[in-house]
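Observations on chain architecture
Now for the letters of each chain:
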Amino acid sequence: MRSALAIVLLCISIQLPAQLLDNLKKSAEKQAKKLTSKDNLEKGFGKLKETLNKERAQFDSTDFDYAVLVSDNSGLSDLKEKGKISSRLSTTLNAGEALWSEGELTDAENARYKLDWGEIMYASRKYSYAEKNFASAKTLYEKAGLANDIGYIKSIANQGLLYASTGRFMQAEGLTAEALDMRKEKFGDENVAVASSLNNYGVLHFNLARYNESQQDLAAALSILNKNQLQGSMQYAIVLNNQAMLFQAVGRYDESVELLKRAIAIGENLQETKSTNQTKFVSNLALLYQQMGKYSEAESIYLGMEKKFSKNDPDYASMLNNLAALYLKMKKDDKVEDPLKKSIAIYKSNFGEEHPAYAKSVSDLGNFYRYSARYAEAQPLLDNALAIREKTLGVNHPQYVQSKEDLAIYYWKTSKWESAYSTYRDVMDKSIDFVNKYFAPMSEAEKSKYWDVLFPRFQRFDNFAIECSKENKAVLADFYDYQIATKALLLNSTNKVKEAIFASKDATLIKDYVSWLDQKEQLARLYAYSKEELKEQKINLDSLERSTNTMERKLSEQSTEFSAGYSTQKINYKDIQKLLGDTEVVVSIIRLSAFDQAFTEEVKYVALILTKSSELPKQIVLENGKQLETRYAKFYRNAIQQKIVDEYSYDQYWAALEPELAGKKLIYLSPDGVYNQINLNTLRRGTGDYFINRFDLVILGNSKDLINMKKKKAVAAKKTALLLGFPDYGGTSIAALPGTKIELDAISKIMKTAGYQVGLFTQKMATESTIKTVKSPTVMHIATHGYFLEDVSRTKGSAFGINIENANDNPLLRSGLLLAGASKTTSGVLPNLGSNDNGVLTAYEAMNLNLEGTELVILSACETGLGDIRSGEGVYGLQRAFLVAGADAMIMSLWKVDDAATQALMTNFYSNWVKLKDKQKAFKQAQLQLMTKYKEPYYWGAFVMMGK
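Conventions and cut-offs
Residues numbered from 1 in each chain as written. Predicted model: local features only at pLDDT ≥ 70, side-chain atom pairs only at ≥ 80, totals over all residues. Heavy atoms only, no water. Helix = DSSP H or I, 4+ residues; strand = E, 2+ residues; numbered from the N terminus. Buried < 20%, exposed > 50% of the residue type's maximum accessible area, 1.4 Å probe, protein only. Contact = heavy atoms within 4.5 Å. Pairing = 2+ DSSP bridges. pLDDT = per-residue confidence, 0-100. Axes fitted to C-alpha atoms, helices over the stretch in contact; angles between N-to-C directions. Parallel < 35°, antiparallel > 145°, perpendicular 65-115°, else oblique. Nonpolar A, V, L, I, M, F, W, Y, C, P; charged D, E, K, R; others polar. Expected span 1.5 Å × (residues − 1). Patch = residues over 30% accessible without salt bridge, like charges linked within 9 Å, V, L, I, M, F, W, Y side chains within 5 Å. Areas by Shrake-Rupley, 256 points an atom, 1.4 Å probe, with all protein chains shown as cover. Salt bridge = Lys/Arg side-chain N within 4 Å of Asp/Glu carboxyl O. Lys, Arg positive; Asp, Glu negative; His and termini not counted. Charge placed at Lys NZ, Arg CZ, Asp CG, Glu CD. Phe/Tyr/Trp six-rings, centres within 6.5 Å; stacked < 30°, edge-to-face > 60°. Core = buried A, V, L, I, M, F, W, Y, C linked by side-chain atoms within 4.5 Å. Polar contact = N/O pair within 3.5 Å; in protein donor to acceptor, adjacent residues only side chain to side chain. Left-handed = near helix turned anticlockwise from the far one by under 90°. Arc of directions from axis to C-beta.

**Structural notes on the overall build of the protein chain**
- Scanning the protein chain from N- to C-terminus turns up 42 helices and 18 strands.
- A buried classification covers 59% of the 948 residues belonging to the protein chain.
- For the protein chain, the share of sequence-separated contacts (at least 6 apart) that also reach a separation of at least 24 residues comes to 73%.

**Re unusual backbone geometry**
- Positive phi, normally seen in glycine, also occurs at Ser776, with a value near 50°.
- The topology assignment puts Ser776 in the loop between α35 (768–773) and β8 (779–783).
- Positive phi values are uncommon outside glycine, yet Lys917 reaches one of about 60°.
- Positionally, Lys917 belongs in the loop between α40 (899–916) and α41 (919–931).
- Residue Lys917 is classed as exposed on the basis of its relative accessible area, which comes to 64%.

**Digging into the pairing of strand β14 (residues 856–860)**
- Burial of β14 is extensive: 5 of the 5 residues sit out of reach of the surface.
- Neither face of β14 is left uncovered, since the one carrying Leu856, Ile858 and Ser860 and the one carrying Val857 and Leu859 both have all their residues buried.
- Relative to β14, β8 runs parallel, the two sharing 5 bridges. Counted as the bridge partner of Met780 is Val857 from β14.
- Of the strand pairs in this sheet, β14 and strand β17 (residues 889–893) are connected by 3 bridges, and their pairing is parallel. In the strand pairing of β17, Leu856 is matched with Ala889.

**Focus: the confidence of the model for the protein chain**
- Residue-level pLDDT values for the protein chain average 82, and 85% of them are 70 or greater.
- Contacts for the low-pLDDT stretch residues 34–42, under 50 throughout, to residues beyond four places or in other chains number 10 contacts.
- Every residue in residues 55–89 is under pLDDT 50, and counting partners more than four places away or in other chains gives 98 contacts.

**Looking at the packing of helix α34 (residues 738–753) against α40**
- Put simply, α34 and α40 touch, their axes get as near as 9 Å, and they point 5° apart. With respect to α40, the axis of α34 lies roughly parallel. Contacts between α34 and α40 involve Pro738, Gly739, Thr740, Ile742, Glu743, Ala746, Ile747, Ile750 and Met751 on the former and, on the latter, Asp899, Thr902, Gln903, Met906, Thr907, Tyr910, Ser911 and Val914.
- Within the contact of α34 with α40, the residues separate by chemical class into 9 nonpolar, 6 polar and 2 charged.

**Focus on the environment of Leu700**
- Mapped onto the elements of the fold, Leu700 is located in the loop between β5 (696–699) and α33 (705–711).
- Spatially, the C-alpha atom of Leu700 lies 9.4 Å from that of Ala889, the residues being 189 residues apart in sequence.
- Beyond its immediate stretch of four places on either side in the chain, Leu700 contacts Tyr668, Leu669, Ser670, Pro671, Asp705, Leu706, Met709, Met946 and Gly947.

**Focus on the sheet that holds strand β13 (residues 840–842)**
- Within the open sheet, the 3 strands sit side by side as β9-β12-β13. Their pairing is antiparallel. Edge positions in the open sheet fall to β9 (786–788) and β13, since each of these has one partner strand only. Shown here is a sheet whose adjacent strand axes are inclined to one another by a mean of 25°, direction ignored.

**Quick notes on helix α13 (residues 276–291)**
- Compared with the 22 Å implied by 1.5 Å per residue over 16 residues, the 23 Å span of α13 between its first and last C-alpha is a close match.
- Most of α13 is tucked away, with 13 of its 16 residues classed as buried.
- Just past α13, the residue Gly293 takes up positive phi, approximately 85°.

**Examining a negative patch on the surface**
- The grouping of Asp254, Glu258, Glu532, Glu533, Glu536, Glu805 and Asp809 at the surface amounts to a negative patch.
- Of all the elements in the fold, those that place two or more residues in the negative patch are α12 (253–269) and α25 (531–536).
- Ranked by residues supplied to the negative patch, first place goes to α25 with 3 residues.
- On the secondary structure map, Asp254 appears in helix α12.
- In this structure Asp254 comes out as exposed when scored by relative accessible area, which is 51%.

**Some remarks on the packing of aromatic side chains**
- Counted by the stated rule, this structure contains 30 aromatic pairs.
- Aromatic side chains Tyr513 and Trp516 sit 5.4 Å apart centroid to centroid with 50° between the ring planes, which places their arrangement in the tilted category. Linking Tyr513 with Trp516, this pair stays in helix α24 (residues 507–526), spanning 3 residues, or about one helical turn.
- Each ring, one from Tyr636 and one from Trp895, has its centre 6.4 Å from the other, and the planes form 65°; the classification is edge-to-face. On the criterion of sequence distance, the pair formed by Tyr636 in helix α30 (residues 631–642) and Trp895 in the loop between β17 and α40 is long-range, its members being 259 residues apart.

**Concerning the pairing of strand β2 (residues 599–611)**
- When strand β1 (residues 584–595) meets β2, the two strands line up antiparallel, connected through 10 bridges. Residue pairing for β2: Val585 is matched across the bridge by Thr611.
- Hairpin geometry of β1 and β2 is characterised by an intervening segment of 3 residues between the two adjacent antiparallel strands.
- Of the strand pairs in this sheet, β2 and strand β3 (residues 618–622) are connected by 5 bridges, and their pairing is antiparallel.

**Overview of the pattern of salt bridges**
- Evaluated as defined, the whole model comprises 36 salt bridges.
- The salt bridge involving Arg591 is made with Glu629; its shortest N-O contact spans 2.5 Å. In this pair, Arg591 is assigned in strand β1 and Glu629 in helix α29 (residues 625–629), connecting sequence segments 38 residues apart.
- Exposure remark for Arg591: the relative accessible area of 18% places this residue in the buried category.
- In the salt-bridge network here, residues are joined through shared partners; they are Arg252, Glu255, Glu446 and Lys449.

**Points about the nonpolar core**
- Counting 159 residues, the largest nonpolar core has Tyr424 and Phe464 as the members making the most contacts within it.
- Among the elements that make up this core, the one with the highest residue count is helix α11 (residues 234–249) (11 residues).
- With sequence-adjacent residues up to four places away left out, Tyr424 is seen in contact with Glu405, Ala408, Ile409, Trp412, Arg460, Phe461 and Phe464.

**Focus on the environment of Asn228**
- Tracing the chain through its elements places Asn228 in the loop between α10 (211–227) and α11.
- In the structure, Asn228 is positioned 37 residues away from Asn191 in sequence and 7.9 Å away in space, judged by C-alpha atoms.
- In terms of polar contacts, Asn228 uses its side chain to reach the backbone carbonyl oxygen of Ile224, at 2.8 Å.

**Focus on the packing of helix α15 (residues 314–329) against helix α16 (residues 337–351)**
- Relative orientation of the contacting elements α15 and α16 amounts to 155°, with a least axis distance of 8 Å. Comparing the axis directions of α15 and α16 gives the class roughly antiparallel. For the pair α15 and α16, the sense of crossing is left-handed. Contacts between α15 and α16 involve Pro314, Tyr316, Ala317, Ser318, Leu320, Asn321 and Ala324 from the former and Pro339, Leu340, Lys342, Ser343, Ile346, Tyr347, Asn350 and Phe351 from the latter.

**Some words on α30**
- Its 12 residues give α30 an end-to-end C-alpha distance of 16 Å, which sits within 8% of 16 Å, the value for a rise of 1.5 Å per residue.
- Taken residue by residue, α30 has Tyr632, Ala633, Tyr636, Ala639 and Ile640 as its buried positions. Each buried residue of α30 lies within a common arc of 130° when the element is viewed along its axis, so the set occupies one face. In α30, the exposed residues that point more than 90 degrees away from the buried face are Lys634 and Gln642.
- Close packing links the buried residues of α30 with α29, α31 (649–653) and α42 (937–940).
- Lys643 lies just past α30 and shows a positive phi near 60°.

Shown next, in the form of structure tokens:
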């Protein structure tokens, strides 16, 4: 159940409680009674007009910016100074209503009168009255020939905000755009009135799920407020809040928390701790804690806020909705239903039954009933929510798609398989469209966080497909197709973008891209220091990270070539199938978190098997995923390290697939999860042959990579090789690897004989700088120590030249290669900030190398294939870094390697490659050759090849 969130719609600040309105009315009636006596009528009429004009003038002059912004329901200014004035204004308006008729006012006076009342009615949530008054005001201004008057612009802006507040987003957009254009023309681009309109446009775009445009609008609003020195104002806090909620929607939780904390701090500094806006900020922070799994913190905030709301306040309904979602997460099911029912009643009272907020609470209650297996109660609510969202948001809005998935899950759990299947297909197709729509201008980090938001839906569908396939095999085609559309999505997107930039031949774009890489290089140097140390040097790491991220976004926005790379191509399994020979098979492994009514702690692995003759992909499900990742993975690794016979791993990881592989020789494997940590070639069926003796194995990131691999034409490539290793570490703290010198010398001779231009760098020349300056060699071979730090959360200080605080959250900073001079860095001596060579090449730095067109990278070092495993994305470590840098294929190791065996393996590989012209066959033959000397997989099975 998704949680509701509060976007502050820069709303009317004249928020008058019901009691105050009653008092004003009584006061107005009393005043009107005195003034309307026959003798004083004319005198009273003139006096009231004079009073009204005086109070309006005082209201406007108190803060000109506020007078402009109030029409946007902005709440941009502190109300304390204006509270009494607005009260007097509304009192006078009440008195005037009792005293004169419309005919006694000029069109201009009557227009302002209608505008004032519209704003008060809006603040009181009397939307139908507000709508009539705003429309009348607009018409009267036009009739008076005042289409350029500030009040006329207010009328248009207010109408747009009214429609947005009542869920009529399509109607709101035209009016919001019109008000923004008019304000720019009247006041200039940097006026705070424009900031207000931009903020409101940003919120509208958010509600329309146009997140990229929303981010631009809100950033522009903040920029204007900065230029007007309003960083400590409530308007600034409101825009920060709205930006935080946008980031929340696309999974950028950490950034969202920081923005909200800044907004709350501003409110506290203004002593606005009891204001409506401040309460919304705090409520939004609770929601974020809830989504980040900080349940106790979230509950404490919600319960502390409960008394601050009126019981019929929509903000109270939003809090109740969030609290219900929290209790569901906390397994307190008995506390879920009541707050949801109260929330529905409040929204219905305020907005009616055709508002997105009402639909949200109805949807959540329906999902709770579905979760509780109360299916008869669930369906009408889920149907209703879907209908409301279709009418108010449209069929391409994420909330509509979420409602449709809710209904698909309901059909699934009630075994209505055909309805579930057809509904889910539409959901998944639209989710693929979201990737294409939102990825384009996002940075790598932003893409990753947004994919975290969408990925669970694909996991739910995969669980559904497993069950549905028992009733309808056709679902397996969709299961396969959605997998190839999304597996290794982030890696593929990044690579395509980079290729598009260099292929564009746009000198400015390429220059900007290189500048961005330079800034990332600067960040890499700064990661050696803690934030406190950098602060002492007046360096703001967070600011530089934001700047780097902004540069990446701007690259995207400037270039259609850049953004074009994000589209996920609609390839289906038949496109792959038709490329297969009779003895070839594609095996795609998928790691799944099991889903019942919600995700559970259980893990499954699914193998989708595709052959030339299969009508549909075949599905094999391994239910014991947790054991595969823990007990059996540990047994496999121990057996390798201790060089003992392993008679169990084959049965666990591969035996179930065997029946589907009869007559097959060449296996294209796309691994996932734990399958990235084992080498299938080392598995043995009982005491029989190893896997390597029975099959030819090619490892791919995504099975659709086979299409490019098969279509790739042989070209006369440049023949250059960079061989680097046997570094002089500059001390005795790192053990020398004399075998690497023998290895490199032998490879150099082989490659030169084969016509390669060879650059050989050893000892003091085997530097980080050498690697960073190389440009697209055909082959890059690095022979040295490698490392991967699995968990540094309990460690302090630095490791391999990176501050632990920075490394903890980024696996690319926890893996790397040790090069010349590394001994000083590993001993804790921090590098010079101006140097880009501290003897340690992290995966983060390797990602920025220029390896476009590099056919093969070999990391002849320990554990270079390890890293953090991410479902559907592979290994975050050196492997990913060099593939992002542009390498077509890689050879890397899964465990600590024997120096002599590695030397022999690599020498044999290059000898075979120059003869066979096929690196896959050459690598397998080198392993088989090593098996004749070393029988145990520990020696010949550490290295795997992956890629094209």
